[in-house]
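Residues per chain, in single letters:
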Amino acid sequence: MSLQAREDGSYTLRQNVGGLATAIGPYHRSHKDSLWIGWSGIDPQKYSEKELDRIRQAYRESRCIPIFLSKEELNGYYAGFSNNTLWPLFHDFSHEAVFRQEDWEMYRKVNMRFAQVVEPLIRKGDTIWIQDYHLMLLPKMLRERYPDASIGWFLHVPFPSAEIFRSLPWSREILEGVLGANLIGFHTVDFSASFLASLHRLLPELPVNRDGVVEMPDGHRAAIDAFPIGIDYNLYRRTAHSSLARAMRRGIDEVCGKSPRHRYRTSVTAEGVAANEAAASDANWWSHYMKEDIPESTLAKQAASSVGSRSNKVIVSVDRLDYTKGLPERLQAFGRMLDKYPEWVGHVTYYLLATPSREVVESYQRLKAQVDQLVGEINGRYSLLAWTPIHYITRSLSIKPVCGIYTAGDVALVTPLRDGMNLVAKEYLACHDGRDGTLVLSDMCGAADELTDAFIVNPYDIDMVCEALHNALEITPEESKRRNIRMQARLKVRTAANWCTSFLDSLRQVSAPGMTDRRLRMDHHNAIVRQWDGAHRRLILCDYDGTLTPLVRRPERAKPTQALRRLLTQVGSNPDVDFLLVSGRSHQIMQDWFGDLPVGLIAEHGAWNRNLPGSDSDEWQRAKGLPDSDTWQKVIRPIMDESATRVPNSFVESKSDAVAWHYRMSDAQVADHERQDLLRRLRGVVVGLGLMIMENSKVVEVTPVATSKGQAILPFVNSGDYDFMMALGDDDTDETMFAVMPDKGWTIKVGPGQTKARLRVNDPTAVTLLLADLGAGVTHDSNEPVASHGFRDDHTVVDEAHARLTDDK
Ligand SMILES: O=P(O)(O)OC[C@H]1O[C@H](O[C@H]2O[C@H](CO)[C@@H](O)[C@H](O)[C@H]2O)[C@H](O)[C@@H](O)[C@@H]1O
């Protein structure tokens, strides 16, 4: 928000267009119970008390609470610790980082000030979302005041490697500060991993489970996850069509000799140069474009006088003048391209918008001087009389002219040396919706994880950037459009508003009371062990992925560990135990991973089995009456392949009697969009082929009708042979097992979600602990915690479970 004085002495607020403001602003406006607390952006010493009251009032009208900071506080907290210590360190510029005790103290003091302002405003059940590296101590400060609060914290910049982070003298305090939150968010999984690595290194005493959830000594849990921020796609797409942006584009086309009328301007011949000079005089309106007060209609009229046509090329970039943005390296790459490919001299113009920032900081002054010098050198070296290679703009422009520059760019050169996300890359693509326009993008920013169809470069590699730039300029419009469509599809779904709601939804989920209560109900555990000990014949029906082993990104990486194989061998070798592994996995994989263990195997959701109780054959058996797999896979596989082509990082897995489309590694929203479409396409064909669709953990699978784990275990469950039965599973396919289990059997759901199971545990570790105890006959004192991942009551089953325990005693 920025403050504007009205003529009557009152103040009004204007919504900023920055990434965070556009992401959170709409949510704030549409939720009347939301409060936005932040630095006011003004020096209170310059205002009288009366004026400050009016300013507070203006903020209050927008449900904002301003915090006023003195010059001294701002110097130590903002310019000092935030921007001179954390900023360079987090962007891998540790040589620029300044470690000053007095800045740290001011940082702590200002974080405390935020806590004091927030404190009286908090009501029970409120959600508090803290933004960025300026407030890393605040989560803990608020947690101490409100142990049950739901607190989220999001980092908008990168999180550095543990090696860099630990050089910060106050690194432990910072980590502890952040860990006051229930949900800690980053732009990418790499940044989350770096944060976890720092935790392991600096706070090794804290237990972190495999899902990245930290168990804090005060009893709350801190989950760590990635939430890549998006843009307001429609805002940029719309603004690109505004009359000012269109005029800007035409103006730039004209100045760069892209319109036929002035194409001769860029000729490198002597005649061309003379003509250029003549033509330049009638284009002096251009010098006005920076003046945003010129009516749009005037600009549009002037621009409309030239006829658009494309011949020469324009490169654009839009940045804050910051050392993390890689401007000198980028300029060197541009200069090298003109050197190496002289055919571009006179034919490519670079619009470099670099808005000065943090001008009081010495490193920023040095950078400005360096960029000025490089621009001067390149322009001096290559300029023709009426062609200047670089148009260097060091003013701050509002969204319309910026979109004008984006739309004019045949190529956007976005090469930060380090960046949390980089929204410029996304904004550029939104402005090129339905058009060509090529992105050269640094692999050192979060956006590179998503915009995989860009020309991805190492921004430090000047030759690589030079080549990519040349190739991007040469690309055909068709190829450029083809790449853009894929990236734009993703950006349209993963918007700023979506980022906001998905973070808040996750925060709600992880801080729900059930999550913090998930500790250790050893009475359930002991009841199971006691019944096991008293039984004569026991049946265990156990799912594999997500139940015995955590879900991982690639299915082939879920191979059992030696420890798990030993455990299964131990339990399965007991002659009074029938241990059946009941999985959706292909029978070939089941054979490879478990074929040599003393356990029965049910594979492909029941289509295949081997070594089941009562069977006298050691061979794999295929269920009877299944349709011919080769025939139906010819129809289903291409349909699924289509989805795999459309969604990056998704793939199709073929089994003997099933085909599955996996999307765990893909962008969640893009995949979900495609998932719905795939389901629609499949629904049209499966019935006629005797097939059905199963939805599982990040997978859509097609299998023969009536194949289910429940169906497969039914003969054993109904045999009357067992006086102890237990089924364990984590997903919907396992619900079919729970559904056929008798009342006296134990059913255990692993992880969250709706279930028919009577008990629930948090994760596979709890399952392996239980199996180990069953093997060894171990019980525990009722209230003694055995591990951080024990049983917990599910709200829906708790009473039932208690009744059950009483019966057992
Ligand atoms: O019945 P299950 O033993 O739970 O097997 C179900 C599916 O497991 C595999 O996929 C799942 O686990 C993968 C590894 O953790 C994970 O990457 C994937 O997202 C999950 O869906 C297997 O690939 C499928 O064939 C099984 O149907």
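It should be emphasised that the depicted structure is a prediction, and the values quoted were computed from it without experimental measurement.

## What to know about the packing of helix α13 (residues 327-340) against helix α14 (residues 362-382)
Item 1. Where α13 meets α14, the closest approach of the two axes is 10 Å, and the angle between their N-to-C directions is 10°. Taken together, the axes of α13 and α14 are roughly parallel relative to one another. In contact with L327, P328, L331, Q332, F334, G335, L338 and D339 of α13, α14 contributes L367, Q370, V371, L374, V375, I378, R381 and Y382.
Item 2. In terms of residue class, the contact of α13 with α14 is built from 11 nonpolar, three polar and two charged.

## A look at the packing of helix α4 (residues 101-118) against helix α5 (residues 138-145)
A pair of packed helices can be characterised by two numbers: the angle between their axes and the separation between those axes.
Item 1. Running from N to C, α4 and α5 point in directions that differ by 40°, and their axes come no closer than 9 Å. By the angle class used here, α4 and α5 are oblique. The crossing of α4 and α5 is right-handed. Here R108, N111, M112, F114, A115, Q116 and V118 of α4 lie close against α5, whose contacting residues are L138, M141, L142 and R145.
Item 2. When its residues are assigned to classes, the contact of α4 with α5 shows seven nonpolar, two polar and two charged.

## Comments concerning the site of the ligand
Item 1. Taken together, 22 residues sit near the ligand, with V552, E653, K655, S697 and K709 positioned nearest.
Item 2. Contact between the ligand and Y544: an oxygen atom at 3.3 Å from a main-chain N or O atom of the residue.
Item 3. Between S583 and the ligand, the recorded distance is 2.7 Å, taken from a side-chain N or O atom to an oxygen atom.
Item 4. In isolation the ligand exposes 570 Å². Once the protein is present, 99% of that is buried.

## Thoughts on the side chain of N379
Item 1. For N379, the position within the fold is in helix α14.
Item 2. The class for N379 is buried, based on a relative accessible area of 14%.
Item 3. A distance of 2.8 Å separates the side chain of N379 from the backbone nitrogen of I390, its partner in a polar contact.
Item 4. Setting aside its immediate chain neighbours within four residues, N379 contacts T388, P389 and I390.

## Focus: the packing of aromatic side chains
Item 1. With the rule as written, the count across this model stands at 29 aromatic pairs.
Item 2. Ring geometry for W661 versus Y663: centroids 4.9 Å apart, planes at 35°, classification tilted. Accessibility classification places W661 together with Y663 in one group, the buried group.
Item 3. Following the ring pairs from residue to residue traces out a cluster consisting of F90, W153, F159, F165, F186 and F195.
Item 4. A cation sits over an aromatic face here: R358 above W87, 4.3 Å from the ring centre.
Item 5. Positioned over the ring face of F651 is R554, at 5.1 Å from the centre of the ring.

## Some words on the pairing of strand β22 (residues 659-662)
Item 1. Burial along β22 is two-sided: V659 and W661 facing one way and A660 and H662 facing the other are all buried.
Item 2. Counting the residues in the hairpin turn of strand β21 (residues 651-654) and β22 gives four residues.
Item 3. Where β22 and strand β24 (residues 699-704) come together, four bridges link them in antiparallel fashion. Directly across from W661, in β24, lies its bridge partner V700.

## Focus on the pattern of salt bridges
Item 1. Considering all chains together, one arrives at 50 salt bridges under this definition.
Item 2. Note that K325 and D419 form a salt bridge whose closest N and O atoms lie 3.1 Å from each other. Of this pair, K325 sits in the loop between β10 (313-321) and α13 while D419 is found in the loop between β13 (411-414) and α16 (423-431), placing the two residues 94 residues apart along the sequence. As far as burial versus exposure is concerned, K325 and D419 are alike and both buried.
Item 3. Here D734 and K709 are joined by a salt bridge, their closest N and O atoms 2.6 Å apart. Note that D734 is positioned in helix α28 (residues 732-740) and K709 in helix α27 (residues 709-717), a separation of 25 residues in sequence. Each member of the pair, D734 as well as K709, carries the same accessibility label: buried.
Item 4. Salt bridges sharing common partners tie together E642, R646, E674, D677, R680 and R681.

## Considerations on the sheet that holds strand β15 (residues 455-457)
Item 1. On the basis of which strands lie adjacent, the open sheet formed by six strands has the order β12-β11-β10-β13-β14-β15 and parallel pairing. Looking at strand neighbours, the two that pair on one side only are β12 (390-393) and β15, the edges of this open sheet. Going from strand to strand, the sheet's axes swing by 15° on average, the running direction of each strand aside.
Item 2. Sheet analysis places β10 next to strand β11 (residues 348-356), joined by nine bridges and oriented parallel.

Reading the values: rules and limits
Residues numbered from 1 in each chain as written. Predicted model: local features only at pLDDT ≥ 70, side-chain atom pairs only at ≥ 80, totals over all residues. Heavy atoms only, no water. Axes fitted to C-alpha atoms, helices over the stretch in contact; angles between N-to-C directions. Helix = DSSP H or I, 4+ residues; strand = E, 2+ residues; numbered from the N terminus. Parallel < 35°, antiparallel > 145°, perpendicular 65-115°, else oblique. Contact = heavy atoms within 4.5 Å. Nonpolar A, V, L, I, M, F, W, Y, C, P; charged D, E, K, R; others polar. Left-handed = near helix turned anticlockwise from the far one by under 90°. Near = heavy atom within 4 Å. Polar contact = N/O pair within 3.5 Å; in protein donor to acceptor, adjacent residues only side chain to side chain. Areas by Shrake-Rupley, 256 points an atom, 1.4 Å probe, with all protein chains shown as cover. Buried < 20%, exposed > 50% of the residue type's maximum accessible area, 1.4 Å probe, protein only. Phe/Tyr/Trp six-rings, centres within 6.5 Å; stacked < 30°, edge-to-face > 60°. Lys NZ or Arg CZ within 6 Å of the ring centre and 35° of its normal. Pairing = 2+ DSSP bridges. Salt bridge = Lys/Arg side-chain N within 4 Å of Asp/Glu carboxyl O.

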